[in-house]
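Breakdown of the fold
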Amino acid sequence: MQKIIPNLWFDNNTEEAVAFYTSIFENSRVGNTAHYDAESAKVSGQPEGSVLTIEFWLEGYQFLALNGGPAFHFTPAISFLVACENKEKVDRLWQQLSQGGQALMELGNYPFSERYGWVQDKYGVSWQIMFAEDMEIKQTITPTLMYVGDMAGKAEEAIALYTGLFDNSKIDNVMRYEAGEEPDKEGTIKHASFQLAGEQFAAMDSAQDHKFTFTEAISLMVYCDDQAEIDKYWNALSAVPEAEQCGWLKDKFGMSWQITPKILDEWLADSNPAKAQATMKVMLSQHKLDIAELQRAHDEA
């Protein structure tokens, strides 16, 4: 089971977006769909019975799509690098993802790849499509974090925090800016690949004058086995008290995370709606999730 799952916050077009992505990527499928109940609808303002979340897989990599409304918007601070085994796949994905979207780096020949482009699709999600040439593709889709603005130059610190926190983690490769590559500071991260819980991630610094940063539109959801694990991640990551709600937190770099017990999905999907709704009500009242309180609400309903 994938431990860290990117959660994408859509503006009431979740079903359309998931159908689009699963139609163009290989080895893709749709999993469970959850709907707003009375409690979550009241808090969110979304219609009761409408789609809340959809789990889906692209290239074998799991995502969660959230139908959250217009509160947050995607930015290129988090993009998804797609490693392709041939140029034909690059061209096909570029053509499909760029329709109605915007090219951030035009499709072409670059020093690091003969065929590469960076595009923001029609929903606002950013994709880096790259011909992998002779590289071994272990994970086709890799979340890529870009540290900009006040966070430019802090990618290395963030990578150290994350790899030191998650088990089965390591830094695979680091490329640094050299002297003269202004505005970036010499020695900061040009591109780094690393693993968290056995999953591939990438990061980079950019001191260019970007007009964006991390937002809650993409968060990383961490499935936890028990309360001790929830406490571990929460205590190490949470740095913005006002951002804490329903298991969500924001770290000191501005990245959003969701720290959640694996069992919660089962409780919220209980065939007894009273139990599911009681669990949801308690979850919505919590900041850091408390498994014992959630279980009590579920079992006593």
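Reference entry: report on the structure contained in this document. (Residues numbered from 1 in each chain as written. Predicted model: local features only at pLDDT ≥ 70, side-chain atom pairs only at ≥ 80, totals over all residues. Heavy atoms only, no water.)

1. Comments concerning the packing of helix 1 (residues 14–24) against helix 3 (residues 87–98)
Packed helices, taken two at a time, are described by the angle between their axes plus the distance between the axes. Here is the rule we go by: For helices, the fitted axis covers only the stretch in contact; all axes are lines through C-alpha atoms, and the angles between them, taken along N-to-C directions, range from 0 to 180 degrees. Secondary structure follows DSSP: runs of H or I at least 4 residues long count as helices, runs of E at least 2 residues long count as strands, and numbering of each begins at the N terminus. Each angle gets one of four labels, with under 35 degrees taken as roughly parallel, over 145 as roughly antiparallel, 65 to 115 as roughly perpendicular, and the rest as oblique. Take the far helix as your reference; a near helix turned counterclockwise from it by less than a right angle gives a left-handed crossing, and one turned clockwise gives a right-handed crossing. We call two residues in contact whenever any of their non-hydrogen atoms come within 4.5 Å of each other. Amino acids outside the nonpolar list (Ala, Val, Leu, Ile, Met, Phe, Trp, Tyr, Cys, Pro) and the charged list (Asp, Glu, Lys, Arg) are all regarded as polar, and Gly is one of them.
One can describe the packing of helix 1 onto helix 3 by two numbers: an axis separation of 11 Å at closest approach and a directional angle of 165 degrees. For the element pair helix 1 / helix 3, the angle class is roughly antiparallel. For the crossing formed where helix 1 meets helix 3, the hand is right-handed. Residues Phe 20, Tyr 21 and Ile 24 of helix 1 lie in contact with helix 3, whose contacting residues are Arg 92, Leu 93, Gln 96 and Leu 97. Broken down by class, the residue content of the contact of helix 1 with helix 3 amounts to five nonpolar, one polar and one charged.

2. Some thoughts on helix 8 (residues 291–300)
The cut-off we apply is this: Here's how the labels work: a residue is buried when its accessible area is under 20% of the maximum for its type, exposed when over 50%, partly exposed in between, all with a 1.4 Å probe on protein chains only. It is the directions from the helix axis to the C-beta atoms whose arc is reported.
For helix 8, the full list of buried residues reads Ile 291, Leu 294, Ala 297 and His 298. Buried residues of helix 8, viewed axially, fall in a sector of 130 degrees; they line one side. The inward-facing, buried residues of helix 8 abut helix 5 (227–237), strand 15 (256–261), helix 6 (263–268) and helix 7 (273–285).

3. Structural notes on unusual backbone geometry
Residue Pro 183 is reached from Glu 182 by a cis peptide bond, and omega for that bond is 10 degrees. Looking at the element boundaries, Pro 183 is found in the loop between strand 10 (170–176) and strand 11 (189–196). Positive phi is not limited to glycine here, since Asn 27 has a value of about 50 degrees. Inspection of the secondary structure puts Asn 27 in the loop between helix 1 and strand 2 (29–35). Asn 27 sits in the exposed class, given a relative accessible area of 59%. In this model, Cys 246 sits at a positive phi of 55 degrees, which is unusual for a non-glycine residue.

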